[in-house]
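Chains, contacts and geometry: an overview
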Amino acid sequence: MTTMTETSARFREFKMPDVGEGLTEAEILTWFVQPGDTVTDGQVVCEVETAKAAVELPIPFDGVVHELRFPEGTTVDVGQVIITVDVAPGSGDAPAPAAAAPAQEPVEAPEAEAEPKGRTPVLVGYGVAETSTKRRPRKGAAPAPEAAAAAAAVQAELNGHGAPAAEPEAPSARPLAKPPVRKLAKDLGIDLATVVPTGKDGIITREDVHAAAAPAEAPAAAPAAPAVTDAEAPAVVSDSARETRIPVKGVRKAIAQAMVGSAFTAPHVTEFVTVDVTRTMKLVAELKEDKDMAGVRVNPLLVIAKALLVAIKRNPEVNAAWDEANQEIVQKHYVNLGIAAATPRGLIVPNIKDAHDKTLPQLAEALGELVSTARDGKTSPAAMAGGTVTITNVGVFGVDTGTPILNPGESAILAVGAIKLQPWVHKGKVKPRQVTTLALSFDHRLVDGELGSKVLADVAAILEQPKRLITWA
């Protein structure tokens, strides 16, 4: 017979680590193991998505998987236990897991509050100290007993179920629902305590949650007759079938917060210039044949990136950041060049560290690695931190130009439009030339119009006459 002490020592818990810079939560995308599987120290057990990137989590000890605490698709706070491992299998009968595998969609048992003591080291990061572990309030926290009873009665009518036939359970009892249903209710902002269940044994179904959400979306002209009749029900279903609601989380949530914060914090100014880049395109073609550039990708973005770095060197004041807390302008004596990349999970902006120190072949290699890693969804949070200026290439979508929004904490962003063959006055005659439009957005707290104009003009001048990469470097 296994004693309590032996049992507690036999099972080890792995908590959701802080895989980024102060991130508070992550969504479990994929489990690579199931209960009963043998795991070894350093083996990847799951993939999670934070607000910045998708990250694989290795487990820091050997054993046999005993329990997966959360199913795929669940957002988990940093510091919560996500998996338990039997580190001494064969030493006795193991107690049954608290919950079955997620594929069986069990009725979720009440969650137990974790009480970690101190900071628990894990392979990727650290658990949260006891003094800093605070669970965020869920949407629609459970109301007082009287309010819950009244809300349940009203919601019963709105759901079209009529008044409940029996008294509900004690107000302190947690509503019964499967994990996917709980997630749906959380995404729609519905408090399960106010939803009348129609499933077997009082279990709340997806239909109950959708029915509870439907009245909130209906016009406000129904106070005189709040009950939904059977004849009106098909219209509600039809309307919902024409819309898809996508939860805002992960990278998309981070993008939204960053863009709103940037747009309403930094006063943006955007300037434009149209430039003949025919000579730059000829240089790109020549570099592709250069043996020193063998094995690296050469494209117009490479020369544009180098042109921006030279322009920053000639106008170093543009490479700065605004420190609101200390009311200081922080001049950066290095350039971490961000490259906006569209990925299946959304827009990310990894950056090339110390791009100003790189030769053209080194810059080409770094660009290639950055793009490849971003497309594979393997960009780390560290690769997206510390950027100073950014380039966004909207031209790959056939777009002429745009007004880019600054990446938070940066001073400028250069948008590059499509390169097209256009009529252009060259040496006094109208000729077909390869032309593009550049747009530079900058933080007007840091960059005056004169400085921003000089930077943009320098980039344009280099692309028009690429030999300036040598004469101005």
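Structure: see above.
Below is a summary of the structure that appears in this document. All values reported here derive from a predicted model rather than from experimental measurement.

About the cut-offs
Residues numbered from 1 in each chain as written. Predicted model: local features only at pLDDT ≥ 70, side-chain atom pairs only at ≥ 80, totals over all residues. Heavy atoms only, no water. Helix = DSSP H or I, 4+ residues; strand = E, 2+ residues; numbered from the N terminus. Contact = heavy atoms within 4.5 Å. Areas by Shrake-Rupley, 256 points an atom, 1.4 Å probe, with all protein chains shown as cover. Pairing = 2+ DSSP bridges. Core = buried A, V, L, I, M, F, W, Y, C linked by side-chain atoms within 4.5 Å. Buried < 20%, exposed > 50% of the residue type's maximum accessible area, 1.4 Å probe, protein only. Polar contact = N/O pair within 3.5 Å; in protein donor to acceptor, adjacent residues only side chain to side chain. Phe/Tyr/Trp six-rings, centres within 6.5 Å; stacked < 30°, edge-to-face > 60°. Lys NZ or Arg CZ within 6 Å of the ring centre and 35° of its normal. Salt bridge = Lys/Arg side-chain N within 4 Å of Asp/Glu carboxyl O. Expected span 1.5 Å × (residues − 1). Axes fitted to C-alpha atoms, helices over the stretch in contact; angles between N-to-C directions. Parallel < 35°, antiparallel > 145°, perpendicular 65-115°, else oblique. Left-handed = near helix turned anticlockwise from the far one by under 90°. Nonpolar A, V, L, I, M, F, W, Y, C, P; charged D, E, K, R; others polar.

Now for the overall build of the chain. When helices and strands are counted, the chain shows 11 helices and 21 strands. In the chain, once contacts between residues fewer than 6 apart in sequence are set aside, the share between residues at least 24 apart is 64%. Split by element, the accessible area of the chain, about 25700 Å² in all, is 56% carbon and sulfur.

This part is about the sheet that holds strand 3 (residues 38–39). Remark on secondary structure: sheet strands pair via backbone hydrogen bonds, oriented parallel or antiparallel. Spatial ordering of the open sheet is given by 1-8-6-3, a layout of 4 strands whose pairing is antiparallel. One side of each edge strand has no neighbouring strand; the edge strands of this open sheet are strand 1 (11–15) and strand 3. Bridging between strand 1 and strand 8 (residues 81–86) involves 5 bridges; their strand directions are antiparallel. Along strand 8, the bridge assignment pairs Lys 15 with Val 81.

Quick look at the nonpolar core now. Counting 47 residues, the largest nonpolar core has Leu 308, Leu 337, Ile 391, Leu 414, Leu 438, Val 459 and Leu 463 as the members making the most contacts within it. Every element with two or more residues in this core is listed here: helix 7 (278–288), helix 8 (300–314), strand 14 (337–339), helix 9 (360–375), strand 18 (389–393), strand 19 (412–416), strand 21 (429–443) and helix 10 (449–464). Apart from residues lying up to four places away in sequence, Val 459 is in contact with Ala 307, Leu 308, Ala 311, Leu 414 and Leu 438. Judged by nonpolar contacts, the second largest core, of 23 residues, contains Val 19, Val 45, Val 48 and Val 76.

Another point: the pairing of strand 18. Every other side chain in a regular strand lies on the same face of the sheet, so the side chains alternate between the two faces. The buried count for strand 18 comes to 4 of 5 residues, which makes it a mostly enclosed element. Note: strand 14 against strand 18, 3 bridges, orientation parallel. Its bridge partner being in strand 18, Leu 337 is matched across the sheet by Val 389. For strand 18 and strand 19, the ladder comprises 5 bridges, and the chain directions are parallel. If you follow Ile 391 over to strand 19, its bridge partner there is Leu 414.

A separate point is the side chain of Asp 276. Tracing the sequence through the fold places Asp 276 in strand 11 (residues 268–276). For Asp 276, a relative accessible area of 4% gives the class buried. A polar contact of 2.8 Å, which involves the side chain of Asp 276, links it to the side chain of Arg 433. Apart from the residues within four sequence positions on either side, Asp 276 is in contact with Trp 424, His 426, Arg 433, Gln 434, Val 435, Leu 463 and Glu 464.

So, about the packing of aromatic side chains. Tallying each qualifying case throughout the model produces 0 aromatic pairs. Lying over the aromatic face of Trp 472, Arg 314 brings its terminal NZ or CZ to 3.8 Å of the ring centre.

On to the pattern of salt bridges. Across all of its chains, the model carries 10 salt bridges by this definition. In this structure, Glu 67 and Arg 69 form a salt bridge, with 3.2 Å as the shortest nitrogen-oxygen distance. Residue Glu 67 is classed as buried on the basis of its relative accessible area, which comes to 6%. Residue Arg 433 pairs with Asp 276 through a salt bridge whose shortest N-O separation is 2.8 Å. Taken together, the residues span a long stretch of sequence, with Arg 433 in strand 21 and Asp 276 in strand 11 at a distance of 157 residues.

Okay, helix 10 next. Side chains of residues three or four places apart in an α-helix project in the same direction, reflecting 3.6 residues per turn. Over its 16 residues, helix 10 extends 22 Å from the first C-alpha to the last, a length consistent with the 22 Å expected when each residue adds 1.5 Å. In this structure, the buried side of helix 10 is in contact with strand 11, helix 7, helix 8, strand 19, strand 21 and helix 11 (468–471).

Attention now moves to the environment of Ala 340. By the secondary structure assignment, Ala 340 is in the loop between strand 14 and strand 15 (341–343). Taking the C-alpha atoms as reference, Ala 340 lies 7.0 Å from Thr 390; in sequence the two are 50 residues apart. Setting aside chain neighbours within four positions, we find Ala 340 in contact with Leu 347, Ile 348, Val 349, Thr 390, Ile 391 and Thr 392.

This next bit is on the packing of helix 8 against helix 10. Closest axis-to-axis distance for the helix 8/helix 10 pair is 9 Å, and the angle between their directions is 135°. Relative to helix 10, the element helix 8 is oriented oblique. Of the two elements, helix 8 crosses helix 10, and the hand of that crossing is right-handed. In this structure, helix 8 uses Val 303, Ile 304, Ala 307, Leu 308, Val 310, Ala 311 and Arg 314 to contact helix 10, whose residues at the interface are Val 455, Asp 458, Val 459, Ile 462 and Leu 463. Along the lines of polarity and charge, the residues of the contact of helix 8 with helix 10 split into 10 nonpolar, no polar and 2 charged.

Turning to its location among the elements, Ile 329 is positioned in strand 13 (residues 328–331). Residue Ile 329 is classed as partly exposed on the basis of its relative accessible area, which comes to 45%. When the C-alpha atoms of Ile 329 and Glu 317 are compared, they prove to be 9.9 Å apart, with 12 residues separating the residues in sequence.

On to the side chain of His 426, then. Along the polypeptide, His 426 turns up in strand 20 (residues 420–426). Taking relative accessible area as the criterion, His 426 reaches 12% and is therefore assigned buried. The residues touching His 426, leaving out its near neighbours within four places in the chain, are Asp 276, Arg 279, Lys 431 and Arg 433.

This part takes up the sheet that holds strand 7 (residues 75–77). On the basis of which strands lie adjacent, the open sheet formed by 4 strands has the order 5-4-2-7 and antiparallel pairing. Both outer strands of the open sheet, strand 5 (54–58) and strand 7, are each paired with one neighbouring strand and no more. The mean angle between the axes of side-by-side strands here comes to 40°, regardless of whether they run parallel or antiparallel. Bridge count between strand 2 (residues 25–31) and strand 7: 3 bridges; the pairing is antiparallel. Its bridge partner lying in strand 7, Glu 27 is registered against Thr 75.

Of all 5 residues in strand 19, 5 are buried; the element is thus mostly enclosed. The two faces of strand 19 match: Ala 412, Leu 414 and Val 416 on one face and Ile 413 and Ala 415 on the other face are all buried. Note that strand 19 and strand 21 share 5 bridges and pair antiparallel. Its bridge partner being in strand 21, Ala 412 is matched across the sheet by Phe 442.

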